[in-house]
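# Geometric and topological summary
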Amino acid sequence: MDTAMDPIFPVSALQKKQSDVKRAAQDHLVRITENGVGAYVFCSEEIFERALAEAAEQAAYEERLAFGIERGRADYQAGRVVEGVEAARDELKRRYFNG
């Protein structure tokens, strides 16, 4: 979710502009401020579930990325590397086409 697009309301809007806050919460996380500082987040169930799913997807992506980096470092330290485009092409052909 893009937090730059989240609507922001003061805490007083929960009493004075309930319908506006609820309407905004149907499509976005709504940021509620107290004394000008972020204090709460309000949203519909659907938006909450979507935010959780996106957070889980991002965490899984970061885990895969970290694993790939660590695997690359281990390969480099073990000497499992090639240098240059032609060597890389030859290695790919050897691994996947000649078998």
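Each remark here, short or long, concerns the structure printed above.
Residues numbered from 1 in each chain as written. Predicted model: local features only at pLDDT ≥ 70, side-chain atom pairs only at ≥ 80, totals over all residues. Heavy atoms only, no water.

### Describing the pairing of strand β3 (residues 37-42)
Within a regular strand, side chains alternate between the sheet's two faces. Where strand β2 (residues 30-34) and β3 come together, five bridges link them in antiparallel fashion. When the bridges of β3 are listed, T33 appears paired with G38. With antiparallel pairing between neighbouring strands as the criterion, β2 and β3 make up a hairpin whose turn holds two residues, including N35 at a positive phi of roughly 55°. (Pairing = 2+ DSSP bridges. Helix = DSSP H or I, 4+ residues; strand = E, 2+ residues; numbered from the N terminus.)

### A word on helix α2 (residues 18-25)
Of the positions making up α2, those classed as buried are V21, A24 and A25. Relative to the axis of α2, the buried residues are bounded by an arc of 100° and lie together on one face. Buried positions along α2 lie against β1 (8-10), α1 (13-16), β2, β3 and α3 (45-77). (Buried < 20%, exposed > 50% of the residue type's maximum accessible area, 1.4 Å probe, protein only. Arc of directions from axis to C-beta. Contact = heavy atoms within 4.5 Å.)

### Side note on the side chain of S44
Mapped onto the elements, S44 comes out in the loop between β3 and α3. Overall, S44 belongs to the buried group, its relative accessible area being 13%. A distance of 3.2 Å separates the side chain of S44 from the backbone nitrogen of I47, its partner in a polar contact. (Polar contact = N/O pair within 3.5 Å; in protein donor to acceptor, adjacent residues only side chain to side chain.)

### What to know about the pairing of β2
Of the pairings in the sheet, the one linking β1 to β2 comprises three bridges and is parallel in character. Within β2, the residue paired with P10 across the bridge is T33.

### Comments concerning the side chain of D6
With respect to the secondary-structure elements, D6 resides in the segment before β1. For D6, a relative accessible area of 9% puts it in the buried group. A polar contact is formed between the side chain of D6 and the side chain of R31, at a distance of 3.0 Å. Setting aside residues up to four positions removed in sequence, D6 forms contacts with L29 and R31.

### Focus: unusual backbone geometry
One non-glycine residue, N35, adopts positive backbone phi at about 55°. Mapped onto the fold, N35 is located in the loop between β2 and β3.

### Some points on the pattern of salt bridges
Where charged atoms of side chains with opposite charge meet at close range, the side chains can pair. Evaluation of the coordinates by the stated rule reveals eight salt bridges. For D20, the salt bridge goes to R23, with nearest N and O atoms at 3.1 Å. Of this pair, D20 and R23 both sit in helix α2, separated by three residues, roughly a single helical turn. The partly exposed category is assigned to D20, whose relative accessible area is 30%. With a relative accessible area of 54%, R23 lands in the exposed category. The residue R89 makes a salt bridge to E86 at a minimum N-O spacing of 2.9 Å. In this pair, R89 and E86 both sit in helix α4 (residues 85-96), three residues apart, roughly one turn of the helix. In the salt-bridge network here, residues are joined through shared partners; they are E91, R94 and R95. (Salt bridge = Lys/Arg side-chain N within 4 Å of Asp/Glu carboxyl O.)

Nothing here speaks to function; it is all geometry.
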